[in-house]
Amino acid sequence: MFAPNRRRSADRLLSRVIRATSAVVFLVLGGMFVQMVIVAWPLLQELRVAENAPQGSLHDLATGESGPRASREQALGEGLVRAGPKKPVRQTINVGISDLTNEAAAGFPGAASCAKPDLPQLTLSFTLPGALGCLAAFSSGEYRILGAEGPAEDPSNPVGLLPTHHDVRTVPGGRSWLLIGDTAVHWVHLRFTSEGPVLEELKIMPVYAGTVDVSQVTRERWVLITDAEGAVWLWPLLTGSPYRLDLGVAGVTSASWIGARNLRVVLADGHERFLELVGWPPGTLVTRLFKPVQYEGYPHPTHVWQPSASSADEVAKYNLVPLLSGTLEAALIAVLLSLPVAIGSAIYVGFFLSSRRREQIKPAIEVIASFPTVVLGGLAAVWLAPLVVNDLPQIVGAGMLLPLAALAAVAVPNTTRGAGDRWSRPFLLCVVLVPAVIACIWLGVQLGNLAEHAWFGGSLSDWFSQRNIPASQFNAVIVGMVLGIAVLPVIFSLTEDAINECPRAAALGSQALGASKWQSFRDVVLPVALPAIISAVMLGLGRAVGETMVFLMLSGNAPDLNLNPMDAVRNLGATLAIELPEAAVGGLHFRILFFAALILFAATFLLNTVAQVIRQRQRSKHTDQIG
Amino acid sequence: MKRSRAVLWVFAVVAGLAGGPARSETLSIVGSESMAALVTQWAEAYQAVNPSITFEIQGTGSASAPPALAEGTANIGAMSRPMSDLERSAFRRRAGYEPLGLTVAEDALTIIVNPANPIIAVSLIALDAIFSVTRRCGGPENYSAWGSLMASGDAKWRVALPDIPMLRLSRTAVSGSYGFFKRVGLCDGDFQPSVVELPGFVPIVNAVADSPGAIAYVGSGFVTPLVKPIGILIGDTVLYPRDEAYPLSRRLYLYLSAAPGQAASPTECGFLKFIESAQGLAILHEAGFRPAPPDLSPGITDVCSKP
């Protein structure tokens, strides 16, 4: 036994160590949060125009000498940071400018080249695949398909009509164009439909003062339009409406790009100024990340997550909505599946079980939390996933009937062990329950078979495929099942703690007054424990949202935005695991991934904090009551 | 006191043992999963000859190679597609010179389906229409079920195709095969959002073997008897990966970080010369790849013979 003095100093030392450790943990978490915010912060910059004098000629800009680090250079090219007020801009010209001229669009390599007949008013020509010929558009607005040798169609029967225009700019990638009219600029794209190739108008920008000059289109799909009033408009084709640039100069006659974010502006008096755009026009980032965006080649605006384009001319598509919805969908399924089991067992273990048995059973259930979800995921991928896709009604039937096996326990008398008893109660329970469980599973499978024959005509997977509902072994249900096993101990542990900590005095008092055990639980303990149960569910949801490996293996990683639980989903954590190794440090993809990570961090942090606050308030309320 | 002294001794012994054998040279090869098996076999054979060299091989995907090379965490980058302009310029700005790319093998992407699927070949336009949402190769509509493929004339089948929904499988975006298929197979278009992405070719092969309506592209070395490879229909002829005119043929590259005018490091050169030797070529043939055309430059000898 320690002498009293030694124990006091040991206690003080221990409390200091605990305080220091928690302070360090807090600092580390805060540091992580701050670092993520720092990485994601440039995404929120609003568009600014800055002066910049390029050094050397356009040719020097094109060669791109070695300069600052790749991350800073890429960040410069993507408008994330400014080059600096006095430092000259060193940018390679191939990051931004479309090389394509107005007439010779890319077409299909290998296809017969589009014979360019000397047609008047021809503004746009595109070589179609195979022997289809050439799509030609004219300034009068009509477009038609010409054969390789000349007009194949009847000249008086055009394939379609576009707005009239006098000039055309090709968007990088060669599949969409800007048609420049006198008072409007139209963005059209080529799409192959069952009626053949069509040119569809995607967006229109009215220029009331009249268009004077339209620049080339950068890879970011930004274009500068100078109108007759001398104002310069920036039109981010994908993500926003035209934005009038506040250049600080008046009377601009032309504005052109000399880099991804650098422009050269010619004034009416002949002077030229070099400017730089940093950041994004207001609302473009929110649109890009959260709203449906119309991309070239798509029939209508969609939420698309596909950040790896195969060529630099194609747009990287960042939209977080499919990721967030996939994460939440599977997490909610997990919580829903584990909720009845976790809360039911927590009520029994916390209130109805004797303390001796409780001390034996509670740790056993909590050990499930230490089971690595990777192993669970691997097992499920090999064994459970084909079962789910082929035998779903049988599994649901077995799962629903399994709790009925507990009814078999009534066959075992609830007597205490007296002299002469040969079998202990736990042994008798096992003898009775094991066949009961097997019988219930078998019964459930038969019930599932019956349901399948009665409602789905013999086979659920055939029923799905007849209605063209995708149902593969990669779906949110199997992810929810595996995550449910991971989430169960979290919900169980906290619910059981809450129920056990409720004041025994009130429950015993109600039982003394004649209430049954269940009545005293339902009317005395449950109302008090309910906030804690809600907090436990929130913590379980937080655990499920942050899971990565199970999703990577089982979910199919398809960023598809639909609420069908039998369809593949994509999770934020799995996306980070897949894409962070390939994102260039400091580039846009990198920062958007960190922004997504920040959302995940903030969501789980918020869930956990609110859950803990609820628990603390409930605890303090009770200690006050008991006194 | 006795216990803490014993603990100290245990620590000392363990720390001494952790010093390990004499330091050896390490070659770190990062990049393509398609080439991971090939590179591992080369490495094992080379280690049998040169036991003093240890290899660290990571095959997560081709897109992880350029950043690793640029930062210096890898000696050799294995890629199943050429480095893109953006990756090249990022490397150039970081290192000050261009990365050095060597063509080491020729490979092809095979289209596989479930063995129960009676299809024999699909055309490139049909392949694009199956996998992409933008259909840039010119297909008139997307196919969501196998039965609708029969009306198009862009496929060849043995008996009537069952009307079951298609399950499309692909590698994740970090893979060079993903980038190559997007460029050549989808004509730079986009994958459909419902395309299932799996992190390796082996899970893809397993999934195709399990699902009746599945279709996927894999490296030729990963095709097993559990799945059925199909050909590409061009006109009336069906081309398979062994044919020369097969459209999904690709080259496999090894990239190095070597300043111009300087040779690569002796360790790297030793390994590269081994790859070029008869033993290395035999391993290449065994793995199912074809050797690179000999007239491509720079060759391995160019890189390693500089003073």
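Residues numbered from 1 in each chain as written. Chains lettered and ligands numbered in written order. Predicted model: local features only at pLDDT ≥ 70, side-chain atom pairs only at ≥ 80, totals over all residues. Heavy atoms only, no water.

*Asks:* Is there a simple way to explain the overall build of chain A in this structure?
*Replies:* Regarding its fold elements, chain A presents 16 helices and 16 strands. Here chain A holds 627 residues, and 47% of them are scored as buried. Summarising the internal contacts of chain A: among those between residues at least 6 apart in sequence, 60% fall at separations of at least 24. Of the roughly 30200 Å² that chain A leaves accessible, carbon and sulfur atoms contribute 64%. (Helix = DSSP H or I, 4+ residues; strand = E, 2+ residues; numbered from the N terminus. Buried < 20%, exposed > 50% of the residue type's maximum accessible area, 1.4 Å probe, protein only. Contact = heavy atoms within 4.5 Å. Areas by Shrake-Rupley, 256 points an atom, 1.4 Å probe, with all protein chains shown as cover.)

*Asks:* Help me understand the overall build of chain B in this model?
*Replies:* Tallying secondary structure elements over chain B gives ten helices and 13 strands in all. Considering only C-alpha atoms, chain B reaches an extent of 80 × 60 × 35 Å along its principal axes. For chain B, the residues scored as buried account for 52% of the 307 residues in total. Restricting the contact set of chain B to residue pairs at least 6 apart, pairs at least 24 apart contribute 75%. Accessible surface, chain B: about 13100 Å² in total, of which carbon and sulfur atoms supply 58%. Taking the 24 positively charged and 26 negatively charged side chains of chain B as two groups, their mean positions are separated by 8 Å. (Lys, Arg positive; Asp, Glu negative; His and termini not counted. Charge placed at Lys NZ, Arg CZ, Asp CG, Glu CD.)

*Asks:* For this particular structure, what's the right way to read the state of the cysteines?
*Replies:* Here, the word disulfide means a covalent bond between the sulfur atoms of two cysteines. Considering all chains together, one arrives at one disulfide over all chains under this definition. A sulfur-sulfur separation of 2.0 Å characterises the disulfide bridge that pairs B:Cys137 with B:Cys187. Sign of the S-S torsion, about 105° for the bond between B:Cys137 and B:Cys187, identifies this disulfide as right-handed. In this pair, B:Cys137 is assigned in the loop between α5 (124-131) and β6 (155-157) and B:Cys187 in the loop between α6 (176-185) and β8 (196-198), connecting sequence segments 50 residues apart. Here A:Cys440 stays unpaired: no disulfide links it, and the sulfur of A:Cys430, its closest cysteine neighbor, is 16 Å away. Relative accessible area serves as the criterion here: at 13%, A:Cys440 is assigned to the buried category. (Disulfide = S-S within 2.5 Å.)

*Asks:* So what exactly am I meant to see when it comes to the packing of aromatic side chains here?
*Replies:* Any pair of aromatic rings gets described here by the distance separating the centres and the angle formed by the planes. Residue and element names in this part refer to chain B. Summed over the entire model, instances satisfying the criterion amount to 27 aromatic pairs over all chains. Taking the centre distance of 6.3 Å and the plane angle of 85° together, the rings of Phe131 and Phe191 count as edge-to-face. Highlighted residues: Phe131 in helix α5 and Phe191 in the loop between α6 and β8, separated in sequence by 60 residues. Note on Phe131: relative accessible area 0%, which makes it buried. Residue class for Phe191 comes out buried when judged on its relative accessible area of 3%. (Phe/Tyr/Trp six-rings, centres within 6.5 Å; stacked < 30°, edge-to-face > 60°.)

*Asks:* Is there a simple way to think about the pattern of salt bridges in this case?
*Replies:* Any two side chains of opposite charge can pair, so long as their charged atoms come close to each other. Residues and elements named next belong to chain A. By the definition in use, this model includes 26 salt bridges over all chains. Across the pair Arg261 and Glu220 runs a salt bridge, and its minimum N-O distance is 3.0 Å. Taken together, the residues Arg261 in the loop between β14 (252-257) and β15 (262-267) and Glu220 in the loop between β10 (211-214) and β11 (222-227) connect sequence positions 41 residues apart. The exposure class of Arg261 is buried, given its relative accessible area of 0%. Its relative accessible area of 21% is what places Glu220 among the partly exposed residues. Residues Glu296 and Arg221 are paired through a salt bridge, measuring 2.7 Å at the closest nitrogen-oxygen approach. Residue Glu296 is located in the loop between α4 (284-290) and α5 (321-352), and its partner Arg221 is located in the loop between β10 and β11; the two are separated by 75 residues in the primary sequence. For Glu296, a relative accessible area of 10% corresponds to the buried category. Looking at Arg221, the relative accessible area reads 0%, which means it is buried. (Salt bridge = Lys/Arg side-chain N within 4 Å of Asp/Glu carboxyl O.)

*Asks:* Any chance you could explain the confidence of the model for chain A here in plain terms?
*Replies:* Low-pLDDT stretches of the model should not have their predicted coordinates read in fine detail. Residues and elements named next belong to chain A. Averaged over every residue, the pLDDT of chain A is 81; residues scoring 70 or more account for 84%. Ignoring residues within four places in sequence, the model shows residues 55-70, a span with pLDDT below 50, making 27 contacts including any to other chains. Low pLDDT, under 50, characterises residues 85-106; the predicted model gives this stretch 56 contacts beyond four residues in sequence or across chains. (pLDDT = per-residue confidence, 0-100.)

*Asks:* Which parts of the structure should I look at to understand the interface of chain B and chain A?
*Replies:* For interface size, the figure often reported is the accessible area lost on association. Facing the 45 residues of chain B at the interface are 44 residues of chain A. On the chain B side of the interface with chain A, the three residues burying the most area are B:Arg93, B:Arg136 and B:Pro193, jointly 19% of the side's total. Between the two partners, chain B and chain A, sit three salt bridges. Measuring nitrogen to oxygen at the nearest pair gives 3.0 Å for the salt bridge that ties A:Arg570 to B:Glu197. Counting every contact that joins chain B to chain A gives 13 residue pairs in polar contact (both at pLDDT 80 or more). Of all the elements in the fold, those that place two or more residues in the side of chain B that touches chain A are α3 (65-71), α4 (85-95), β7 (167-171), α6, β8 and α7 (201-210) of chain B. Ranked by residue count, the leading element in the side of chain B that touches chain A is α4(B), at five residues. (Buried area = accessible area lost by both parts, 1.4 Å probe. Polar contact = N/O pair within 3.5 Å; in protein donor to acceptor, adjacent residues only side chain to side chain.)

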